[in-house]
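# Topology and contacts: notes
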Amino acid sequence: MTQTEDAAVDPLAMTGYQQLMAMASGDLPPAPIAETLGMENFGGEEGSIHVELVPRPGHYNPLGTVHGGVISTLLDTAAGCSVHSTLAAGEGYTSLDLTVKFLRAVTVDSGRLRAQGRVIHRGRRTALAEATLVDAAGRQVAHATSSCMIFS
């Protein structure tokens, strides 16, 4: 078996980017939260990952808008996975913080949401990433920054 074939069957032998793309293609199972919320169209490149979600009434808070936790989860996913995409085989990460700014109310009328993440700085032990959430009309509805700890 070649090294590539080994990596295809063993997520621990894959880089972070390979793991994410294997989840996106269905070769590895997606994160359970992605299924729970209905995240889709996951992809990108090393250091910049995007994810989408079509809001539905089940995402609403009692005020009739998409719950801030759902918005935060999309932003956390895009920012965190952008960091994940930079990991070497055998490395891991965890979020240290997430700072979210809500800029517009989000409803089902907002249409498909797209969270775009990117790594701002990647060091040996920490990384800083950001993510922007836009609605179907391209209006920015939220923004987040996240710092992450890298470990092996």
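Just above, that's the structure.
Note that the coordinates shown come from a computational prediction; the quantities given were computed from them, not determined experimentally.

Tallying each qualifying case throughout the model produces six salt bridges. One salt bridge connects Arg 122 with Glu 91, and the closest N-O pair in it is separated by 3.0 Å. A residue pair is termed long-range when its members are at least 10 positions apart, and Arg 122 in strand S4 (residues 113-122) and Glu 91 in the loop between helix H4 (68-84) and strand S3 (92-102) qualify at 31 residues. Look at Arg 122 and you get partly exposed, because its relative accessible area is 27%.

Below, the discussion takes up the environment of Asp 135. Looking at the element boundaries, Asp 135 is found in the loop between strand S5 (126-134) and strand S6 (140-151). We classify Asp 135 as buried; its relative accessible area is 5%. Taking C-alpha positions, Asp 135 is 5.6 Å from Ser 110, a pair spaced 25 residues apart along the chain. If we ignore the near neighbours within four places in the chain, the residues touching Asp 135 are Ser 110, Arg 112, Leu 113 and Val 141. From its side chain, Asp 135 meets the backbone nitrogen of Ala 137 in a polar contact 3.0 Å long.

Conventions and cut-offs
- Residues numbered from 1 in each chain as written.
- Predicted model: local features only at pLDDT ≥ 70, side-chain atom pairs only at ≥ 80, totals over all residues.
- Heavy atoms only, no water.
- Salt bridge = Lys/Arg side-chain N within 4 Å of Asp/Glu carboxyl O.
- Helix = DSSP H or I, 4+ residues; strand = E, 2+ residues; numbered from the N terminus.
- Buried < 20%, exposed > 50% of the residue type's maximum accessible area, 1.4 Å probe, protein only.
- Contact = heavy atoms within 4.5 Å.
- Polar contact = N/O pair within 3.5 Å; in protein donor to acceptor, adjacent residues only side chain to side chain.

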